[in-house]
Amino acid sequence: MIFLYILTFFLGSVCAAADYHERLVLRPLPRGSLLASFDFRSNASASSIEKQNYQYFPRSLGQILQHAHTRELHLRFSLGRWDAETWGSRPWNGRKEGGTGVELWAWVEAENDEEAAARWTTLTNALSGLFCASLNFIDSTRTIRPAISFEPSGHHSEATLSKLHLLHGTLPREPVCTENLTPFLKLLPCKGKAGISSLLDGHKLFDASWQSMSIDVRPVCSSDSNCVLEMGQTVDMVLDIERSKRHRDNPIPRPVAPEELACDTSKPYASSDACYPLDSTSEQPWSLSEIFGRPMKHSCPLTDSEGEGAETVCIEVPHERQVYATAGSTEHKRPDGFSRCYKLSEISDFDISLPQQTLSTSHPLSKPPLYAERSFTGYGQERGGVQTLLTNPSQTDSIEFIYLESLPWFMKPYLHTLKASLINGLRGSSSSDNVDTSSTSIIQEIFYRPALDRRRGTQLEVRLIVPPASTAALTYDFDKAILRYTEYPPDANRGFDVAPAVVRVLSSSSSFTSDSIFEKDQSESELPVQDSIYLRTTSLLLPLPTPDFSMPYNVIILTSTVMALAFGSIFNLLVRRFVGADEVEGLNVSGIKGKVLARIRKVKERFDNVKKIRTNATSHTNGVEKEKGNEGKKNQ
């Protein structure tokens, strides 16, 4: 704590080009969920980085970017699925969201493709060690070069743009866990000891229904040509309020008592043993300490002390919602009527508590401009198909977007089977009368890069336009390649993960524009903001022809047994020396033989003696019985 105040004192005279901002936005979602968005931004001037003078920017990451000649970096760690139908539009319009697992794309400065690939390998290997992830497994088979799906979000000169190479890689099977969160927190100036980062706990983060961690590094230049290197770190998670309030020492869920259930008795099947739950009409009670397991530490000393930058905690609830904050904090209600922010104390902990309350109004959820669903079709081990349903919910405006797929090399699509069927109506309309036979016009542009076996994967980019209130079904067929037995993972029968598809919305209705607090802060700043909206589909699990690995095991065991017996016998014949008994000096064969025979004779004599004793005892018993019988006859 003392170190942080000393650091603030020495850095207080630094210009605004090198600063640090953080903000936590809490948004209650339907069905008892809570969206928590952590945003961290740190800037460092380009001149100070060239002099190796790192202030708020982490030195470990800055040196990696310099060594790999990376001008812009975007890294994502994600788990779970965003339920757009229930939760609405994605936070940050999907720009800070990645596909399931790990997703990485960067602009690398190089003279040619070979040099760019070498520097890309250097970058992935270095980031793998920094974030304790398997990024070093992003080789040429998992790397693509998108043509129209991504654009630089930072400011680059024309000379630099001509030398930039965009490379994109994914690891859909990578498990995201606490060992990735720890190096993420170490990049922050306050290291998770103060400010909103003190709430980040692995037990809560990875128990969320959906979570995403992102790191974005880009150059930003102002109108007076003062350039800074901005690093943005975000953590977005959707928590279940009821599950998060469960104590850590009692993690096992227990059924609710029957008398505590709220049942809808108007249902025809309602009875004493059947209950249809009623939707709660009141907001659930919760607090920061209950959701995250602890209150928030005081504000980070490196943040602004005045202005909007000092309001580090915001919550999006109607103004009529009762919110109780700890003493020492300052509340500021925004004029939109659905949000309020708090300025934290510099010395005391911070906590907010929301009691159970019935509201007359609720925070409006913005609808996403596009819904996307992807799945496999077909059956068998030789071939299959992919179907993607892309729905435009707008009733008045068409939507234009780019659809990107990165497929593994053993999944070989047929480009001539790529079709787009347009259904006039929203999802759920399956009538053949609604199919438009001229719907192939929705495909405006196709960029296709075929795969090479064991060298690179397939890259498919399609630009489409979907009319209002319609669903486009994008389908194609593919063949499944047969792998070598050494290329199968240990759990080969589980299948192979296929990376999620990336959708970039180019134009949409203004009614889908997000009005969240963090979106407003980004748009009002001098930082460049992309108008595009991104979303990812779920990953797919591809079953491939899998050999019977038990047969090689049986063959190996049988072969090893035969080889061991043969080798042992031959080795004994070759190594062991056979000599006659009379050739061994000091060996008295007759003496040994006599001792063995004497021992056998003694054992035999012992058995004979035992047999004689038993015979004598039996005869004696019979004689006694005869004498008793004779005496009885005489007495008669």
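Residues numbered from 1 in each chain as written. Predicted model: local features only at pLDDT ≥ 70, side-chain atom pairs only at ≥ 80, totals over all residues. Heavy atoms only, no water.

A.B. asks: In this structure, what is going on with helix H3 (residues 59-67)? I would like to understand it.
C.D. replies: Since one α-helical turn is 3.6 residues long, residues separated by three or four positions face the same way. All buried positions along H3 are accounted for by Leu61, Gly62, Ile64 and Leu65. Down the axis of H3, the buried set is contained in an arc of 160°. They therefore lie on one face. Next to the buried residues of H3 lie strand S3 (70-80), helix H5 (113-130), strand S7 (210-221) and strand S8 (227-240). Following H3 by one or two positions, His69 has its phi on the positive side, about 55°. (Buried < 20%, exposed > 50% of the residue type's maximum accessible area, 1.4 Å probe, protein only. Helix = DSSP H or I, 4+ residues; strand = E, 2+ residues; numbered from the N terminus. Arc of directions from axis to C-beta. Contact = heavy atoms within 4.5 Å.)

A.B. asks: Would you take a moment to explain the nonpolar core for this structure?
C.D. replies: The tendency in soluble globular proteins is for nonpolar side chains to be buried as a group. Residues Phe38, Leu127 and Met237 are the most contacted members of the largest nonpolar core, which totals 72 residues. Setting aside chain neighbours within four positions, we find Leu127 in contact with Leu61, Ile64, Leu73, Leu104 and Leu135. One finds Phe401, Leu460, Ala501 and Val503 within the second-largest nonpolar core, a separate group that totals 36 residues. (Core = buried A, V, L, I, M, F, W, Y, C linked by side-chain atoms within 4.5 Å.)

A.B. asks: Can you walk me through a nonpolar patch on the surface in this structure?
C.D. replies: Taken together, the side chains of Phe567, Ile570, Phe571, Leu574 and Val575 define a hydrophobic patch exposed on the protein surface, amounting to about 560 Å² of accessible area. Residue position: Phe567 is located in helix H12 (residues 550-575). (Patch = residues over 30% accessible without salt bridge, like charges linked within 9 Å, V, L, I, M, F, W, Y side chains within 5 Å. Areas by Shrake-Rupley, 256 points an atom, 1.4 Å probe, with all protein chains shown as cover. Salt bridge = Lys/Arg side-chain N within 4 Å of Asp/Glu carboxyl O.)

A.B. asks: Sorry if this is basic, but what is going on with the pairing of strand S4 (residues 101-109) here?
C.D. replies: On a regular strand, each side chain points to the face opposite its neighbour's, so the side chains alternate between the two faces of the sheet. Across the nine residues of S4, nine count as buried, placing the element largely inside the fold. Bridge analysis of S4 against strand S6 (residues 164-171) gives eight bridges, and the strand direction is antiparallel. Paired with Leu104 across the strands is Gly169, a residue of S6. (Pairing = 2+ DSSP bridges.)

A.B. asks: Please clarify how H5 should be interpreted in this entry.
C.D. replies: For H5, built from 18 residues, the straight-helix expectation of 26 Å at 1.5 Å per residue is met to within 8% by its first-to-last C-alpha distance of 25 Å. Inspection of H5 places Ala116, Arg119, Trp120, Leu123, Thr124, Leu127, Ser128 and Leu130 among the buried residues, and these make up the whole buried set. Contact partners of the buried residues in H5: H3, S3, S4, strand S5 (143-144), S6 and helix H7 (178-186). For H5, the side-chain oxygen to backbone nitrogen distance between the N-cap and Glu114 is 3.3 Å, and the N-cap itself is Asn112. (Expected span 1.5 Å × (residues − 1). Polar contact = N/O pair within 3.5 Å; in protein donor to acceptor, adjacent residues only side chain to side chain.)

A.B. asks: I would appreciate a short explanation of the packing of H3 against H5 in the present structure.
C.D. replies: The axes of two packed helices give the description: the angle between them and the distance between them. Axis separation between H3 and H5 bottoms out at 9 Å; the angle between their running directions is 165°. With respect to H5, the axis of H3 lies roughly antiparallel. The chirality of how H3 crosses H5 is right-handed. For the pair H3 and H5, contact is made by Ser60, Leu61, Ile64, Leu65 and His67 and by Thr122, Leu123, Ala126, Leu127 and Leu130, respectively. (Axes fitted to C-alpha atoms, helices over the stretch in contact; angles between N-to-C directions. Parallel < 35°, antiparallel > 145°, perpendicular 65-115°, else oblique. Left-handed = near helix turned anticlockwise from the far one by under 90°.)

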